[in-house]
Every structure is written in structure tokens, then in C-alpha cells.
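Residue strings, one per chain:
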Amino acid sequence: MTERVAVDMWFDPLCPWAWITSRWLLEVEQVRNVEISYHVMSLAVLNEGRELPEQYREMMERGWGPVRVCIAVEQAHGGATLAKLYTAMGTRIHLGKEPLGRDMITAALADVGLDPAFAEAADSTGYDTALRASHEAGMRPVGTDVGTPVVHAPGPDGGTVAFFGPVVTPAPKGEAAGRLWDGVLLVAGTPGFYELKRSRELGPIFD
């Protein structure tokens, strides 16, 4: 049996587009020979020092809690449990429309059977060094003029290609997910390829 190819995705739980991409990647795992690992980035870290609208700045402040808890759980229990926590948080944030506060975090921890004490990490700077390191590992190959999601995947020459996106809604299912994966790898693995974009006409659809 052919060994699965490792693919890495960086997410911030508050980003709806990253959530849709992560659900697409779960579909890709079913139809292509890949295995997805999830890692934490932070839109709050990415936007430090930038002039932001007041509403967005407030959202960035609330966004510290979930990513700190994600890092704490990853350090204690590893990537597989982090992926489960991301699913729990994303389901509550994007499908349940729950706010980013302590109640959501505690409930998501309970969904995965984790110690509710992990919620204390939300207000602690003790995990920020590890959070910033994870963020940097994801963003370094793509630069700082993009956000989340970021994906690292094997390129055609055996090296790694890194890219922002894809930004797609709703998440393709089945073989449609696989075809999108094939196309994304094709363009991302092309030397000198940087951007393919059009104006968005739809908001996030969480089907």
C-alpha cells in the first residue's frame, strides 16, 4: 500500500475561510493519497502593529484565547488531538455562531473530552512563544501579506510548496474535492506562479 503524503495546514479557529478549507482537506484525504496535519497560526499575531478598523481590532483581541488553548492542547496531547479540538471549536464558532469567549472554549474542550483547565491558557501569555513559533513556521514560506489558511504540500520536484488558500465556498465534496486539490498542486508547484484571484461574490457557506 502506497504511503500517504504528508500535507500541513495552518489555521486560526476564528477564520471562516480556513474552516471551509479544512473541511475540504478532510474530503481530499478520502479521495487522494494524502494525510493532513493541522497547526496553529494567529491572525492576532499577523496583524500586530497594523492599523485596523475598531471592530476588527476587537475581534483580534478576542482571538488570542482560542489559539493559546490550541497550542496548550497540542503541546500536551499532540497533533491528532489538536485536530479534534479545531473541529470542535470550528463547529461551535462557524456553525453554532458562538462567540469566541471562555464558554465556547470550555464547551469545545468538553466535546473532545479534554480537561477544562486548558481554558486557563486563554488568558496566559505562557504559550505565546510556542504560538509565535508555530505561526512563523507556517507563514515564513508564503510571506506576511496573506492570512489563513496556509498549506504546505509536496511539490513536483520533491520539495515543499507553500500557499495561501484556496479560498472556496462551499467546500467541494468527493471527487470534486480531489480535482481541486490536483489543480491547486499544479499551479502552486509551477515555478514563478504567485497569484490567481477573482472578486468574491459569496460569503462563507458551511454546507
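For the structure, see preceding data.
Scoring rules and cut-offs
- Residues numbered from 1 in each chain as written.
- Predicted model: local features only at pLDDT ≥ 70, side-chain atom pairs only at ≥ 80, totals over all residues.
- Heavy atoms only, no water.
- Buried < 20%, exposed > 50% of the residue type's maximum accessible area, 1.4 Å probe, protein only.
- Helix = DSSP H or I, 4+ residues; strand = E, 2+ residues; numbered from the N terminus.
- Arc of directions from axis to C-beta.
- Pairing = 2+ DSSP bridges.
- Axes fitted to C-alpha atoms, helices over the stretch in contact; angles between N-to-C directions.
- Contact = heavy atoms within 4.5 Å.
- Right-handed = clockwise from strand over helix to strand, strands pointing away.
- Disulfide = S-S within 2.5 Å.
- Expected span 1.5 Å × (residues − 1).
- Bend = angle between axes of the 7 residues up to and from the residue.
- Phe/Tyr/Trp six-rings, centres within 6.5 Å; stacked < 30°, edge-to-face > 60°.

**Q** Got a sec to walk through helix α5 (residues 102-112)? Specific residues and values, please.
**A** Those residues of α5 not exposed but buried are Met104, Ile105, Ala108 and Leu109. Projection of α5 onto a plane perpendicular to its axis shows the buried side chains occupying an angular sector of 135°, all on one side. Away from the buried face of α5 by more than 90 degrees, exposed residues Asp103 and Ala110 are located. Backbone geometry just downstream of α5 places Gly113 in the positive-phi region, at approximately 75°.

**Q** If you had to explain the sheet that holds strand β3 (residues 150-154) to someone new, which residues and values would you point to?
**A** Spatial strand order, β2-β1-β3-β4: four strands in an open sheet with mixed pairing. Each edge of the sheet is formed by a strand with only one pairing partner; in this case those strands are β2 (34-40) and β4 (160-164). Averaged over neighbouring strand pairs, the angle between their axes works out to 20° when direction is ignored. Strands in contact with helix α4 (residues 79-95) are β1 (5-11) and β2; relative to β2, the strand with the most contacts, it is inclined by about 75°. On top of the sheet, helix α7 (residues 174-188) reaches β1, β2, β3 and β4; it is set at about 80° to β3, its chief contact.

**Q** Which residues make up the pairing of β2, and what values do they have?
**A** Burial within β2 is extensive, with five of its seven residues counted as buried. Bridge analysis of β1 against β2 gives seven bridges, and the strand direction is parallel. Within β2, the residue paired with Val7 across the bridge is Ile36. Handedness of the β-α-β unit built from β1, helix α1 (residues 16-31) and β2 comes out right-handed.

**Q** Before we move on, can you summarise the state of the cysteines with the specific residues and values?
**A** Scanning the entire structure with this criterion turns up zero disulfides. For Cys70, which is in no disulfide, the shortest distance to another cysteine sulfur is to Cys15 and amounts to 13 Å. Judged by relative accessible area, Cys70 falls into the buried class, the value being 0%.

**Q** Mind laying out helix α3 (residues 54-77), listing which residues take part and the relevant values?
**A** In an α-helix there are 3.6 residues to a turn, and that puts residues three or four apart on one side. With 24 residues, α3 extends 36 Å from end C-alpha to end C-alpha; this agrees with the ideal 34 Å at 1.5 Å per step. In the structure, α3 departs most strongly from a straight axis at Arg62, where the bend amounts to approximately 25° and where the proline Pro66 lies between one and four residues downstream. Within the sequence span of α3, burial applies to Met60, Gly63, Trp64, Gly65, Pro66, Val67, Arg68, Val69, Cys70, Ile71, Ala72 and Val73. Residues of α3 that are buried make contact with β1, β2, α2 (43-46), α4, α5 and α6 (128-139).

**Q** How would you summarise the packing of aromatic side chains if you had to cite specific residues and measurements?
**A** With the rule as written, the count across this model stands at four aromatic pairs. Plain terms: the ring middles of Trp19 and Tyr86 are 5.7 Å apart, the flat faces sit at 90° to each other, and that makes the pair edge-to-face. Remark: Tyr86 occurs in helix α4 and Trp19 occurs in helix α1; sequence separation between them is 67 residues. Since its relative accessible area comes to 4%, Trp19 is described here as buried. Centre to centre, the rings of Tyr38 and Tyr86 are 6.2 Å apart; their planes meet at 55°, and the pair counts as tilted. Of this pair, Tyr38 sits in strand β2 while Tyr86 is found in helix α4, placing the two residues 48 residues apart along the sequence.

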